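These are the residues of each chain, in order.
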Amino acid sequence: MASMPNKLEFNMEYNFTEIEATWRQKWQENELYKVSNNSDKPKYYVLDMFPYPSGAGLHVGHPLGYIASDIYSRYKRLKGFNVLHPMGFDAFGLPAEQYAIETGQHPRTSTEKNIGYFKEQLQNIGFSYDWSREVSTCDPEYFKWTQWAFLQMFHAWYNQETDQSEPIDTLIAKFAQGGSAAAKGAGGEHEAFDADGWNDMSPSDQQRILMNYRLMFQAESEVWFCEALGTVLANDEVKDGLSERGGHPVEKKKLRQWFLRTTAFAERLLGDLDDLNWPESMKEMQRNWIGKSYGASIHFDIIGHDKQFEIFTTRADTIFGATFMVLAPEHELVAEITTPEQKEKIETYLDYVRKRSERDRLSEVKVVTGEFTGAYAKHPFSGEPVPIWIAEYVLASYGTGAIMAVPSDDDRDNAFAEKFNIPIVEIIDKSKYPGAGRSDKLGIMINSDFLDGMEVPEAIQHITSKLEDMGIGKGKINYRLRDAGFSRQRYWGEPFPIVYDSEDLSEMPKTLPETELPLRLPEVESYSQSPDGRSPIAAIRDWVELPNGQYRETDTMPGYAGSSWYFLRYMDPQNKGTFVGQDAINYWKDVDLYIGGTEHAVGHLLYSRTWHKYFYDQGLVPTKEPFQRLVNQGMIQGRSNLIYRIKGENKFVSLELKDQHDCSPIHIPIKFVDGKDMLDIEALKGWRSDFEEADFVLHEGGFKCDFDVEKMSKRLYNVTDPNDVISKYGADTFRLYIMFLGPIEDSKPWSTKGIEGTAKFLKKFWRLFVQDEQLIVTDDKASPEELKTLHKTIKKVDHDLSTLGMNTCVSAFMVCVNELTAAKCHKREILEPLLVLLAPFAPFVTEELYQRLGNEGSVHTAVYPEHDEQYLKEDAYEYPISINGKMRIKINLPLGIDQAAAQESVLANEMVQKWIEGKDLRKFIYVPGRIINIVV
RNA sequence: GCCCAGGUGGUGGAAUUGGUAGACACGCAGGACUUAAAAUCCUGUGGGCAGUAAUGCCCGUGUGGGUUCAAGUCCCACCCUGGGUACCA
């Protein structure tokens, strides 16, 4: 008992438990953080990426960005802004549904419970969220507007002539007036028709044509399907061609699904990045994801068939080196052109590819695979037959799903040709460019008929116009970006407001009127799926089948549907009449600062930008881009503990002994392991029955565990609950500690090592104001040194906050408090501004002390101090003197002297004389206020 | 594989963006107060070599090269770690 921390005495000094509980309650009663949409103050919108409320609760990793954004919000408020700082929940998703499958508990029930705990945890940390604006994507009052947005985009197309999205009616009008030639819309690939053709067309055929243009449209696409589980699986539920759960075989299955026509916006998504205040790396990832490339499309005839196929290439110049063609295995012509002799081999290869993920197909570089179709294309210039192969490295979804392969100038084509003994023809002389790689666009054309002698860029130009003249090709811009899949064969997501006249999807979909929104989910008995790969909803017949004989869509929307516009709803969360009122959106406009992880670099951020651009085109939002400034936060990773089990036995060995046995590592909860990774065996035995009977082989009297750093997850038993930390140290200490760990962009494993440092800091800070429960603050005049300490701290904190350098702010506070403590400074003139300065970081303790100083209002509505340069002036500086770049001594010199004077006094110094004795002075470098370097 | 980011003491990190490497903390060691502990305070703490000592010298920011009066910072190549890779969120 003697070793127990003496909490009572500790609390007498600074009782954070009581202080934090008091203020949490008072702030709630006074609605201190309630934000109005009517204010004379300038607006500022600080947004966090809202969390998915998982069953493991909020863990210490989440608050890294949340604390930073909260500090920034509070800082902006003190600086006189009307700050919108809301929070909500991204509440639809796979884990809740998986949990439902395992436990039978309704996803809504578990999700609501999780949200409740998340909110409690968030409130404990002392965030300044306006909770009256909370949104949750699974709330019908919210997803009503997600469904509404879907309908708007369904009834819209992208007009490439006006370069914006428009209501589908404008397209219909163009077709009725001038047929298909009258409109240029993104997507549209179908046979041409004239005005009469359109007007005579059956309504259902018209719908079929329009589907090629809609921003929300249907197309065939593949999903992972697991026969044994009877479900469609997400990519991360498939490992090495088997289901992660159960290890069953999986195969791709083609389904008719919904898509968002992201590609229509590709050019704007790319171009508008330039003006955003985002990390350059984040913009770069989006640029690469969009993947704009300039090239040419070329049509090749297939010998013996009245057919052509189209390829896309960025290297049209290399056409004379094209010694084979490659179609994607899924290419529509494969079945048709495969010769009878090759049919069996092709079938076998197609079976293999069906089990391969896209990522595996692209990342495989060591072993190239493919198969010959038996068919040949005709080379447009030489007339020679060129063999047509299929290979997994060509994807149906990129370009045209077919390439001309040039083994001399492309690495993969080269590896392929080597393996299958296909000729390689050198067509570019690179001797002028030493060091140029195989795929560099450098050199002079050879063996290329009319291109010979040209430099590569010239040859690309020349061949492209030649192909255009011949009518077999043309210059083309290609994007890597694909239209985004918008269907999930799942229960826990937004239902589509869509019905069909027949259940086999042979008829075009029809929309429900907006008056029927929100369309709610049916209650289901079982959450596993039906054997045909449809969602569990398909089994609820009285929901699917409507009294009028129609059938409902059974797919649901993906996670990113609700998260693509949630930041708009916060502006006007209660609005019953529209997704966001015009007054609200015109006041708040856009997000000024958005903080979140890089894992959303291309998914969420790209989809939100796409939706926003659609809203912008419709005049529903005033800005082209939703997020002006973006800051990435790193992850606080978990530190997992593992123990080693001897294979085939229920026996565990201490870490030192694991190499003497054939062992497999097992994750165990970190709470059974001490700070030195030593296991509490008895505690572990009591945790799960399979450990109760187990043997534990010790090493030198103890059992040591291994550790691993990985993301925090319930599954890995490495989650730390912020509530545990807060009950021990308080929220203020927790906030300071998380910030003190380092720059918010960095990832690091969680550890409480060092939290004592920020705890001690707050106690020291407290003692500047209060000792023995007595306020000891005086009204004495501050000394110049004390003023200097205060003002340099204001300057540093104000500056570092602008770059979100919270870690250096905390150390500046520590330096400041160390100096004031040393000076025994208890002066109001110094301490009161310091309270305001620290308030965004430690909102509770600063509020308490602010009140004790006798102030009426809240410290969080005070006026932010400004620094005054007059207290910071220096007239001398201790120059580090380097000799040949190595720092040797320091010499105090007045600031503002010129080079000649500096040189004179430095060279006169006897220590300097000693160093340069007998050597020639070559150069004297004087950087005022920085350094002096003498080169001898 | 491809795209993006990051490697600095025993640990988390700092470094005015090319100008004193290791601020501020943790940990550790020694000391003060105490019957003892807790709490608090003080001193020291990158590595090596020399010296009783003050001190001095050398090495040092993942590895190897380069640019510069000066490189943690810029350039080239490589190694390792993390994130993403289109149905996890």
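Please refer to the structure placed before this passage.
Remember, predicted model here, so these are calculated numbers, not experimental data.

## Overview of the overall build of chain A
The number of helices and strands found in chain A is 32 helices and 36 strands. Taking the principal axes of its C-alpha atoms as reference, chain A extends roughly 100 × 85 × 70 Å. Approximately 42,700 Å² of chain A is accessible, and the part contributed by carbon and sulfur atoms is 49%. One way to put it: in chain A the 105 positive side-chain charges average out to a point 4 Å from where the 142 negative ones average out.

## Some remarks on the protein's contact with RNA strand B
Contacts to RNA strand B come from 64 residues, most closely from Asn235, Leu741, Asn807, Asn818 and Asn933. Considering RNA strand B, the proportion of its atoms within 4 Å of the protein that are sugar or phosphate atoms stands at 64%. A distance of 2.9 Å is found between a sugar or linking oxygen of RNA strand B and a side-chain nitrogen or oxygen belonging to Asp236. Within the backbone of Leu741, a nitrogen or oxygen atom sits 2.6 Å from a sugar or linking oxygen of RNA strand B. At the level of secondary structure, the elements contributing two or more residues to the surface near RNA strand B comprise α11 (280–290), α14 (358–363), α26 (755–769), α28 (806–822), β33 (876–883), β34 (886–894), β35 (923–927) and β36 (931–935).

## Quick notes on the sheet that holds strand β22 (residues 551–552)
Reading across the sheet, the 3 strands line up as β21-β20-β22 and stay open at both edges, with antiparallel pairing between neighbours. Bordering the open sheet on either side are β21 (510–511) and β22, each of which pairs with just one other strand. Sheet topology note: the strand β20 (residues 498–500)/β21 ladder contains 2 bridges and is antiparallel. If you follow Ile498 over to β21, its bridge partner there is Thr511.

## Re the environment of Glu332
Relative to the helices and strands, Glu332 resides in the loop between β12 (324–327) and α12 (334–337). Each C-alpha atom, one on Glu332 and one on Ala396, is 9.3 Å from the other, the two residues being 64 residues apart in sequence.

## Points about the pairing of β33
Residues in a regular strand project their side chains so that they alternate between the two faces of the sheet. Inspection of the sheet shows β33 paired to β34 by 8 bridges, in the antiparallel sense. Bridge pairing links Glu878 to Asn892 in β34. Hairpin remark: β33 followed by β34, antiparallel, with 2 residues in the connecting loop; positive phi at Asn884, about 55 degrees. In the sheet, β33 pairs with β36 via 3 bridges, with the strands oriented parallel. Across the sheet, residue Ile881 finds its bridge partner in β36, namely Ile932.

## Quick notes on the packing of helix α25 (residues 731–740) against α28
The geometry of α25 relative to α28 is characterised by a closest axis approach of 7 Å and an angle of 120 degrees between their N-to-C directions. Facing α25, whose interface residues are Leu736, Met739 and Phe740, α28 presents Met806, Asn807, Val810, Ser811 and Met814. Of the residues assigned to the contact of α25 with α28, the class counts are 6 nonpolar, 2 polar and no charged.

## Details of the pattern of salt bridges
By the definition in use, this model includes 49 salt bridges. The residue Lys781 makes a salt bridge to Glu829 at a minimum N-O spacing of 3.4 Å. One end of the pair, Lys781, is in the loop between β32 (774–775) and α27 (784–802); the other, Glu829, is in helix α29 (residues 828–838), and 48 residues separate them in sequence. Judged by its relative accessible area of 65%, Lys781 falls in the exposed class.

## Digging into the packing of aromatic side chains
Enumeration according to the criterion identifies 70 aromatic pairs in this entry. Ring plane angle 50 degrees and centroid distance 6.1 Å describe the contact between Trp565 and Phe579, whose orientation is recorded as tilted. Placement of Trp565 in the loop between α18 (559–563) and α19 (566–569) and of Phe579 in the loop between α19 and α20 (582–588) is noted, with a sequence separation of 14 residues between them. Like Phe579, Trp565 is buried. It is Arg74 that lies over the ring of Trp27; its NZ or CZ is 5.8 Å from the centre. We note Lys76 situated over the ring of Tyr44; from NZ or CZ to the ring centre the distance is 4.5 Å.

The rules behind each value
- Residue indices follow the written sequence of each chain, beginning from 1 at its first position.
- Just so you know, chain letters begin at A and ligand numbers begin at 1, following the order they were written in.
- Where totals are concerned, whole chains, interfaces and linings use all residues; where local detail is concerned, this predicted model gives features only for residues with pLDDT of at least 70, and gives and counts side-chain atom pairs only at 80 or more.
- Each side-chain value is worked out from all heavy atoms of the structure, with water and hydrogens disregarded.
- Helix and strand assignments follow DSSP, with helices taken as H or I runs no shorter than four residues and strands as E runs no shorter than two, numbered in order from the N terminus.
- A 1.4 Å probe and the Shrake-Rupley method give the accessible areas. Residues count as covered only by the protein chains that appear here.
- Only four residue types enter the charge count: Lys and Arg as positive, Asp and Glu as negative, with His and the chain ends excluded.
- Charged groups are reduced to one reference atom each: NZ for lysine, CZ for arginine, CG for aspartic acid, CD for glutamic acid.
- Residues are classed as near a molecule or strand on a simple rule: at least one heavy atom within 4 Å of it.
- Pairs of N or O atoms are called polar contacts if they sit within 3.5 Å, as long as, within protein, a hydrogen donor faces a hydrogen acceptor (for residues adjacent in sequence, only side-chain-to-side-chain pairs).
- Paired strands, as defined in this entry, are two strands with at least two bridges between them according to DSSP.
- A fitted line through C-alpha atoms serves as each axis, taken over the contacting stretch for helices, and the angle formed by two N-to-C directions is quoted from 0 to 180°.
- In what follows, a contact means two residues having at least one pair of non-hydrogen atoms within 4.5 Å.
- Throughout, the ten residues Ala, Val, Leu, Ile, Met, Phe, Trp, Tyr, Cys and Pro are labelled nonpolar, Asp, Glu, Lys and Arg are labelled charged, and all others, Gly among them, are labelled polar.
- We define a salt bridge as a side-chain nitrogen of Lys or Arg found within 4 Å of a carboxyl oxygen belonging to Asp or Glu.
- Residue burial is assigned from relative accessible area. The probe radius is 1.4 Å, only protein chains are included, and a residue is buried under 20% of its type maximum, exposed over 50%, and partly exposed in between.
- In summary, the pairing rule links any two rings of Phe, Tyr or Trp, Trp by its six-membered ring, whose centres are within 6.5 Å, and it sorts them by plane angle into stacked for under 30 degrees, edge-to-face for over 60 and tilted for everything else.
- Whether a charge sits over a ring comes down to the Lys NZ or Arg CZ being within 6 Å of the ring centre and within 35 degrees of the ring normal.

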